[in-house]
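This is what each chain is made of:
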Amino acid sequence: MSGGNERIMKALKEVWRRAENSLCADCGKPDPDWASSTLGVFICLSCSGIHRNIPSISKVKSLKMDHWDDAQVQFLAKHGNAVTKAIYEAHIPIYYYQPTYNDCHVLREQWIRAKYERREFTEPGKQLPYSNGVKEGILWKRGRDSGQFLPRKFLLSEREGCLKYFTKQDAKEPKINVKIDVINATFQPVKIGNPNGLQITYLKDNKTRNIFVYHESGKEVVDWFNAIRSVQFHYLKVAFPIASDTEIKNRLTRNFLREGYMEKTGPKQKEAFKKRWFTLDHRRLMYFKDPLDAFAKGEVFVGSRENGYSVQKGLPSGTQGNFSWHYGLTIVTPDREYLFTCETESEQLDWITAFTSVIDQAMTPQEYAIEAYFKFKS
């Protein structure tokens, strides 16, 4: 290796080792080993693939395998993640969801395109497609009974504080009219079978209802997602005027803590265990016969340790119900025990970790009210 190349590689490594460049500029994944020679950011392999699809904006190179010339290294040294973020992330609305490396591709792609291609966050007060308090358009919605996806008109209104959908374009009355404060939205590309699949969940009579939708355009479905967050944020600002912006942000849409199949038995603990799809949404554990069911077959409230809730590895001795999976766990509540089995030990431990994270948190006044409802219902 020539002296010039050695000098360039040494300079590159010095920039690369800066603390600001230790995480991917776009998703936060540790130890990025790619960089954009035109934007000056250090990024992970996954985000580099997205950058490569925007060649007019970003040219990406491997920090380990590709050749860097002196001018490119000087450009990286002058910029880096901190300087570039200060430009492209200067005015992100507080409600805008900034994805991490754990999030699905469409969220990460549209975040990257919003920053660098559309430059949505470089100017204060810029009018954004999800920020004006109203959004109307067509989403493909899965039929509750048929399972077929059909185009449906959706309307989101900050003034009315609700989300509506209509079965026909010219329908006067909506099929549903859901208050914005009971809505959750989470991307579910694998479950829905579409890379732009979005699950909209809401409470109806304190029971969970699921709607599964998608749009052919990744930008459009992510705009819908952030529009819901925007309307929720402004609704909650009015409802809780003394709450900080950060407190309100934490009450916007949330990812489920865990989902997957387990087997369960009935309250007598003598019935055969049946395979069900489970969703843990903070303190609500819901189970479904099929992952795309509109309604849960049942829900279990998961309270706090100080209120008599716990999770235990394994099943009680003498459990009589037949089960085909052998990695059991038990949820203990003040009223009864719930018995589940997992297919693998890894899944068992992941579920226990998820339940423990909920049980270790103190309950809020609102959660005490939900617990009282569950007890009354049972």
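What counts, and at which threshold
Residues numbered from 1 in each chain as written. Predicted model: local features only at pLDDT ≥ 70, side-chain atom pairs only at ≥ 80, totals over all residues. Heavy atoms only, no water. Axes fitted to C-alpha atoms, helices over the stretch in contact; angles between N-to-C directions. Helix = DSSP H or I, 4+ residues; strand = E, 2+ residues; numbered from the N terminus. Parallel < 35°, antiparallel > 145°, perpendicular 65-115°, else oblique. Contact = heavy atoms within 4.5 Å. Nonpolar A, V, L, I, M, F, W, Y, C, P; charged D, E, K, R; others polar. Pairing = 2+ DSSP bridges. Polar contact = N/O pair within 3.5 Å; in protein donor to acceptor, adjacent residues only side chain to side chain. Salt bridge = Lys/Arg side-chain N within 4 Å of Asp/Glu carboxyl O. UniProt positions renumbered as here; feature names shortened; annotations may be inferred. Core = buried A, V, L, I, M, F, W, Y, C linked by side-chain atoms within 4.5 Å. Buried < 20%, exposed > 50% of the residue type's maximum accessible area, 1.4 Å probe, protein only. Domains from an automatic or database assignment.

Colleague: What exactly am I supposed to notice about the packing of helix α5 (residues 105-117) against helix α7 (residues 218-239) here?
Modeller: Two measures define how a pair of helices packs: the angle their axes make with one another and the distance between the axes. Between α5 and α7, the least distance of the axes is 10 Å, while the angle of their chain directions is 90 degrees. Between α5 and α7, the crossing angle belongs to the class labelled roughly perpendicular. In this structure, α5 contributes Val106, Leu107 and Gln110 to the contact, and α7 contributes Gly218, Lys219, Val221, Val222 and Phe225. Broken down by class, the residue content of the contact of α5 with α7 amounts to five nonpolar, two polar and one charged.

Colleague: What's the story with the sheet that holds strand β12 (residues 274-281) in this structure? I'm lost.
Modeller: Each strand in a sheet pairs with its neighbour through backbone hydrogen bonds, running either in the same direction (parallel) or in the opposite one (antiparallel). Strand order in the open sheet made by the seven strands is β14-β13-β12-β11-β17-β16-β15, with antiparallel pairing throughout. Pairing within the sheet leaves two strands with one partner each, and these edge strands are β14 (298-301) and β15 (310-313). Neighbour-to-neighbour, the strand axes of the sheet open up by a mean angle of 35 degrees, direction not taken into account. Judged from the four bridges that link them, strand β13 (residues 284-288) and β14 form a sheet pairing that is antiparallel. In the sheet register, Leu285 faces β14, and the bridge partner there is Val300. In this fold helix α9 (residues 345-359) packs onto β11 (258-264), β12, β13, β15, β16 (327-332) and β17 (337-342), with an angle of close to 160 degrees to the strand it touches most, β15.

Colleague: So what exactly am I meant to see when it comes to the environment of Ser146 here?
Modeller: Mapping Ser146 onto the fold places it in the loop between β4 (134-142) and β5 (149-157). Within the local environment of Ser146, its side chain forms a polar contact with the backbone nitrogen of Gln148, the two atoms lying 3.1 Å apart.

Colleague: Honestly, the sheet that holds strand β3 (residues 60-62) in this entry has me stumped. Any pointers?
Modeller: Ordered in space as β2-β1-β3, the three strands form an open sheet in which the pairing is antiparallel. Strands at the two margins of the open sheet, each flanked by one partner only, are β2 (42-43) and β3.

Colleague: Got a minute to help me understand the pattern of salt bridges in this structure?
Modeller: Side chains that differ in sign of charge can pair as their charged atoms come close. Per the stated rule, a full pass over the model turns up 21 salt bridges. Notably, a salt bridge pairs Lys115 with Glu89, separated by 2.8 Å at the nearest N-O pair. Here the residue Lys115 occupies a position in helix α5, and Glu89 occupies one in the loop between α4 (80-88) and α5, the gap between them amounting to 26 residues. The network of salt bridges with common partners includes Asp26, Lys85, Glu89 and Lys115.

Colleague: Explain the UniProt feature "domain: PH" (unreviewed entry) in the protein chain here, please?
Modeller: Sites flagged by UniProt as "domain: PH" (unreviewed entry) map to residues 132-233 and 255-360. Taken end to end, residues 132-233 is 20% helix and 46% strand, and its first and last C-alpha atoms sit 12 Å apart. Span residues 255-360 is 14% helix and 38% strand, its end C-alpha atoms 19 Å apart.

Colleague: Help me understand the nonpolar core, please; the structure alone is not making it clear to me.
Modeller: One broad trend across soluble globular proteins is that nonpolar side chains are buried collectively. Grouped together as the largest cluster of nonpolar side chains are 55 residues, with contacts concentrated most on Ile43, Leu156, Ile183, Phe187 and Leu198. Ranked by the residues each element gives to this core, the list is headed by α7, at nine residues. Residues lining this core come from more than one domain, with at least three contributed by each of domain 1 (1-117) and domain 2 (134-250). Other than its neighbours up to four places away in sequence, Ile43 contacts Cys24, Ala25, Asp26, Pro32, Asp33, Trp34, Ala35, Ser48, His51 and Val60. Listed in part, the 23 residues of the second largest apolar core include Phe301, Ile331, Cys342 and Met363.

Colleague: Help me understand unusual backbone geometry, please; the structure alone is not making it clear to me.
Modeller: Negative phi is the rule for most residues except glycine; trans is the rule for most peptide bonds. The phi angle at Asp31 is positive, at roughly 60 degrees, despite the residue not being glycine. Its location among the elements puts Asp31 in the loop between α1 (3-16) and β1 (34-36). You can call Asp31 exposed: its relative accessible area is 65%. Even without a glycine there, the phi angle at Arg119 is positive, about 50 degrees. Of note, Arg119 is situated in the loop between α5 and β4.

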